Amino acid sequence: MIDVRKEYDQDLLDARILMEQQEEQRRQEYLARQEELKQEYLRQQDIQGEIIRENARQFVSEMPSMHDASAISLNGNMDNIYAGNAIPVQPIVPREVIDSRMSHAATAMNGFAGRKVLLINTVCGTGSVGRLVVGLYHTLTAAGYECLVAYGRGEAPSDVRAYRIGTDMDVYVHGAMSRLFDRHGFYSRRATMDFIDMVQEYDPDIIHLHNIHGYYLNLDVLFEYLQTCGKKIIWTLHDCWAFTGHCSHFEYIGCTKWMNGCYKCEQLREYPRSFGTDSSAGNYEDKKQLFTGIDNLTLVTPSRWLKEKVEQSFLKEYPVVVVPTGIDLAQFYPHDENVSEDNLVFNIKNELGLRNKIILLGVANPWRDRKGLAQFDMLSKTLTDRYAIILVGLNDKQMDGLKGGIIGLKKTDSTEELAALYSMADIYINLTLEDTFPTTNLEALACGTPVITYKAGGSPESIDETCGEAVERNSIQGIVAAIDKILDSGGQCYTREMCLRRAQLYSKEYRFLEYIQNVYEAL
């Protein structure tokens with residue numbers, strides 16, 4: 001007689017052995033790829049280093065006044081003051097430090113092999129945060145961690161071990177109730193209880209929260225577990241929702257109620273939208289009670305700006321680590337123009353009639369006044385016809401309403417096309433009035449294009465004086481002055497090489513290793 005139990009146990013053993021072999025293979029492939037990236041990075045450092053140092057020496061000696069805001073005339077408009085360059089940032093990481101950090105991080109991760117990590121986010125593999133979570137998942141898995149992603153909406157990639165929290169109906173009901181009663185985060189109770197049952201069975205060593213808003217989790221149930229589970233907890237904040245009574249951003253309207261207690265919310269119609277009761281005061285107090293007093297909790301932010309806001313909020317009791325977002329430099333890189341029917345830059349310029357134009361590019365999804373749409377309209381009125389403004393990511397209604405001097409394009413799902421657009425632009429202009437740490441700045445730099453941005457949120461933190469300019473919010477004259485400054489630099493600054501050098505600091509591989517070293521290893 002066949003021993004079914006014995007065969008079943010053997011099948012399990014074979015499956016476990018195969019899984020371990022596959023994990024080891026992925027780990028070895030990952031480490032080999034990291035070594036290749038490191039060597040290429042160091043090679044580029046050697047090539048560009050002397051060029052950049054020479055440019056910097058000439059820039060300092062020949063153009064000392066260009067770093068002074070007073071050197072640029074704004075026709076006496078004291079309300080719109082050009083504020084000069086971005087806030088100070090850390091200098092380029094030396095070669096020997098890069099080498100040491102990467103080797104140390106890889107070694108440190110190997111020592112944690114077998115530890116279980118649960119990552120939680122609204123989506124898995126889509127959107128900027130969803131892609132970040134999947135990238136972190138693969139980095140941890142390749143280093144020997146056992147990982148699981150829990151998510152609330154959409155689908156997960158086939159190569160990710162994932163758990164869906166609730167159903168589409170749960171999301172719809174949660175969203176509908178939130179619109180009526182402004183209690184976003186306090187529904188989906190049954191789905192969250194089932195999820196906690198799964199978590200207790202999985203028994204992770206580390207729980208890493210990302211976006212826990214998005215109509216899929218019940219905060220009471222989740223944080224009742226987190227307060228008593230005794231696990232190491234990481235919470236990466238991608239916006240301000242965790243410490244407000246309603247909104248995810250407040251800089252646009254200049255609200256400071258979140259510092260002491262929300263009430264009479266002015267942004268009920270903004271995400272998470274509500275058309276009924278204003279529950280911001282109760283939400284604030286409930287969040288404060290739930291989110292504080294948790295042992296072993298570390299917060300992570302992508303920008304120093306958001307860290308400063310956290311330290312002014314009721315979350316100030318927790319340690320905060322800044323780990324900027326990274327991008328895929330294999331997808332975003334300079335696309336040169338060639339006279340060829342297969343060349344994207346060549347074709348786009350011909351199709352849009354951009355020959356002999358100075359191209360100013362803006363990218364957002366979705367476009368709103370908060371993202372600077374009205375600002376671009378004002379900017380277009382101050383420029384001559386030698387300039388062309390290209391806005392990517394507009395909807396039909398917005399495209400129909402465009403004024404002269406602006407060319408509108410719909411959202412593109414092609415990263416190659418987007419990289420070609422960044423590459424053909426003379427300057428990337430980000431007129432956002434509130435943002436945490438926009439990756440579009442990084443993508444533009446990675447394509448060799450200098451950046452001008454408003455001093456809004458963490459947007460200026462991705463640039464320095466060699467690759468961009470930061471201007472006071474709502475200062476169109478300041479933007480025009482910055483455009484002239486970059487165009488008149490004569491190759492002394494804002495060059496392709498300088499932009500690429502800056503972008504290398506935001507390689508997603510390096511940032512993932514930094515995540516491990518500065519956050520996971522420090523737990």
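Just so it is clear, the model here is predicted, and its values are computed rather than measured.

About the cut-offs
- Residues numbered from 1 in each chain as written.
- Predicted model: local features only at pLDDT ≥ 70, side-chain atom pairs only at ≥ 80, totals over all residues.
- Heavy atoms only, no water.
- Helix = DSSP H or I, 4+ residues; strand = E, 2+ residues; numbered from the N terminus.
- Buried < 20%, exposed > 50% of the residue type's maximum accessible area, 1.4 Å probe, protein only.
- Contact = heavy atoms within 4.5 Å.
- Areas by Shrake-Rupley, 256 points an atom, 1.4 Å probe, with all protein chains shown as cover.
- Phe/Tyr/Trp six-rings, centres within 6.5 Å; stacked < 30°, edge-to-face > 60°.
- Lys NZ or Arg CZ within 6 Å of the ring centre and 35° of its normal.
- Patch = residues over 30% accessible without salt bridge, like charges linked within 9 Å, V, L, I, M, F, W, Y side chains within 5 Å.
- Salt bridge = Lys/Arg side-chain N within 4 Å of Asp/Glu carboxyl O.
- Core = buried A, V, L, I, M, F, W, Y, C linked by side-chain atoms within 4.5 Å.
- Axes fitted to C-alpha atoms, helices over the stretch in contact; angles between N-to-C directions.
- Parallel < 35°, antiparallel > 145°, perpendicular 65-115°, else oblique.
- Pairing = 2+ DSSP bridges.
- Left-handed = near helix turned anticlockwise from the far one by under 90°.
- Nonpolar A, V, L, I, M, F, W, Y, C, P; charged D, E, K, R; others polar.
- Expected span 1.5 Å × (residues − 1).
- pLDDT = per-residue confidence, 0-100.

Engineer: Would you mind showing me how to read the overall build of the chain here?
Structural biologist: A count of helices and strands for the chain gives 16 helices and 13 strands. When the 523 residues of the chain are sorted by exposure, 53% land in the buried category. In the chain, once contacts between residues fewer than 6 apart in sequence are set aside, the share between residues at least 24 apart is 70%. Accessible surface for the chain amounts to roughly 24000 Å². Of this, 49% is attributable to carbon and sulfur atoms.

Engineer: How should the packing of aromatic side chains be read in this particular structure?
Structural biologist: For any pair of aromatic rings, the description consists of the separation of the ring centres together with the inter-plane angle of the planes. Inspection of every chain in the model, using the stated rule, returns 15 aromatic pairs. Summarising the aromatic geometry, the rings of Trp241 and Phe291 are spaced 6.4 Å apart at their centres and angled 50 degrees between planes, so their arrangement reads as tilted. Taken as a pair, Trp241 in the loop between strand S5 (232–236) and helix H7 (280–291) and Phe291 in helix H7 lie far apart in primary sequence, 50 residues in all. Of the two residues, Trp241 and Phe291, neither departs from the other in class, the shared state being buried. Taken together, the ring pairs connect Phe223, Trp235, Trp241 and Phe291 into an aromatic cluster. The ring of Tyr202 is capped by Lys116, whose NZ or CZ atom sits 5.0 Å from the centre of that ring. Looking at Lys257, its charged tip hangs above the ring of Tyr263, at a distance of 4.6 Å from the centre.

Engineer: Quick question: what am I supposed to make of a nonpolar patch on the surface here?
Structural biologist: A cluster of nonpolar side chains, contributed by Met169, Tyr172 and Val173, occupies part of the molecular surface with about 350 Å² of accessible area. Secondary-structure assignment places Met169 in helix H4 (residues 168–181).

Engineer: Help me understand the nonpolar core, please; the structure alone is not making it clear to me.
Structural biologist: Generally speaking, nonpolar side chains in soluble globular proteins are found buried as a group. By size, the foremost hydrophobic cluster in this structure holds 48 residues, and its most contacted members are Phe195, Ile212, Phe223, Trp235, Phe243, Phe291 and Leu315. In terms of residues, this core owes the most to one element, helix H6 (residues 219–226), which gives six residues. For Phe223, the residues in contact, after removing those within four places along its chain, are Leu209, Ile212, Trp235, Leu290, Phe291 and Ile294. Formed by 32 residues, the second largest nonpolar core is a distinct cluster that contains Leu421, Met424, Ala503 and Tyr506.

Engineer: Sorry if this is basic, but what is going on with the packing of helix H9 (residues 344–352) against helix H12 (residues 415–424) here?
Structural biologist: Helix-helix packing: each pair is described by the crossing angle between the helix axes and the interaxial distance. Contact geometry of H9 with H12 gives a least axis separation of 9 Å together with a crossing angle of 70 degrees. Looking at the two axes, H9 sits roughly perpendicular to H12. Where H9 abuts H12, its residues Leu344, Val345, Ile348 and Lys349 lie against Glu416, Glu417, Ala420, Leu421 and Met424.

Engineer: Mind showing me how you'd approach unusual backbone geometry here?
Structural biologist: Apart from glycine, the bulk of residues carry a negative phi angle, and the bulk of peptide bonds sit in the trans form. The peptide bond linking Tyr271 to Pro272 adopts the cis configuration, its omega dihedral lying at -5 degrees. Structurally, the position occupied by Pro272 is in the loop between S5 and H7. Backbone geometry at Lys264 places phi at a positive 40 degrees, although glycine is not the residue there. Summarising the element assignment, Lys264 is placed in the loop between S5 and H7. Within the chain, Asn296 stands out as a residue other than glycine whose phi angle is a positive 60 degrees. By secondary structure assignment, the location of Asn296 is in the loop between H7 and strand S6 (297–301).

Engineer: When you look at the sheet that holds strand S7 (residues 320–322) in this model, what are you seeing that I'm missing?
Structural biologist: Reading across from one edge, S3-S2-S1-S4-S5-S6-S7 is the order of the seven strands in this open sheet, with parallel pairing throughout. The strands lining the two open edges of the sheet, one partner per strand, are strand S3 (162–164) and S7. Averaged over neighbouring strand pairs, the angle between their axes works out to 20 degrees when direction is ignored. Sheet topology places strand S4 (residues 206–209) next to S5; four bridges connect them, and they run parallel. Paired with Leu209 across the bridge in S5 is Trp235. With respect to the sheet, helix H3 (residues 127–142) is in contact with strand S1 (116–121), strand S2 (146–151) and S4, its orientation differing from that of S1 by roughly 175 degrees.

Engineer: Which parts of the structure should I look at to understand the packing of helix H10 (residues 373–382) against helix H14 (residues 476–487)?
Structural biologist: Where H10 meets H14, the axes come as close as 10 Å, and the angle between the chain directions of the two elements is 60 degrees. Compared by their axis directions, H10 and H14 come out oblique. Crossing of H10 over H14 shows right-handed handedness. Between H10 and H14, the contacting residues are Gln375, Met378, Leu379 and Thr382 on the first element and Ile476, Ile479, Val480 and Ile483 on the second. Considering only residue class, the contact of H10 with H14 consists of six nonpolar, two polar and no charged.

Engineer: Help me understand the environment of Thr440 in this model?
Structural biologist: By the secondary structure assignment, Thr440 is in helix H13 (residues 439–446). The contact partners of Thr440, leaving out residues within four places of it in the chain, are Val363, Tyr422, Tyr428 and Asn430.

Engineer: I would appreciate a short explanation of the sheet that holds strand S12 (residues 451–454) in the present structure.
Structural biologist: Sheets are built from strands that pair by backbone hydrogen bonding, the pairs being arranged parallel or antiparallel. What the six strands build is an open sheet, ordered S10-S9-S8-S11-S12-S13; its pairing is parallel. Strands with a single pairing partner mark the edges of an open sheet, and in this sheet they are strand S10 (406–409) and strand S13 (468–471). This sheet shows a mean twist of 20 degrees between the axes of neighbouring strands, independent of strand direction. Where strand S8 (residues 358–363) meets strand S9 (residues 387–392), six bridges bridge the pair, whose relative direction is parallel. Bridging from a neighbouring strand, Leu360 pairs with Ile389 of S9.

Engineer: How should helix H5 (residues 189–202) be read in this particular structure?
Structural biologist: The periodicity of an α-helix, 3.6 residues per turn, causes residues three or four positions apart to be oriented the same way. Over its 14 residues, H5 runs 20 Å from end to end, which matches the ideal 20 Å to within 8%, given 1.5 Å per residue. Lining the buried residues of H5 we find S1, S2, S3, H4 and H6. The positive-phi residue at the C-terminal boundary of H5 is Asp203, with phi of around 55 degrees.

Engineer: Please clarify how the confidence of the model for the chain should be interpreted in this entry.
Structural biologist: The predicted coordinates of low-pLDDT regions are not to be read in fine detail. Predicted confidence across the chain gives a mean pLDDT of 86, with 80% of residues reaching 70 or more. Under a pLDDT of 50 for its full length, residues 51–95 has, in the predicted model, 83 contacts with residues more than four places off or in other chains.

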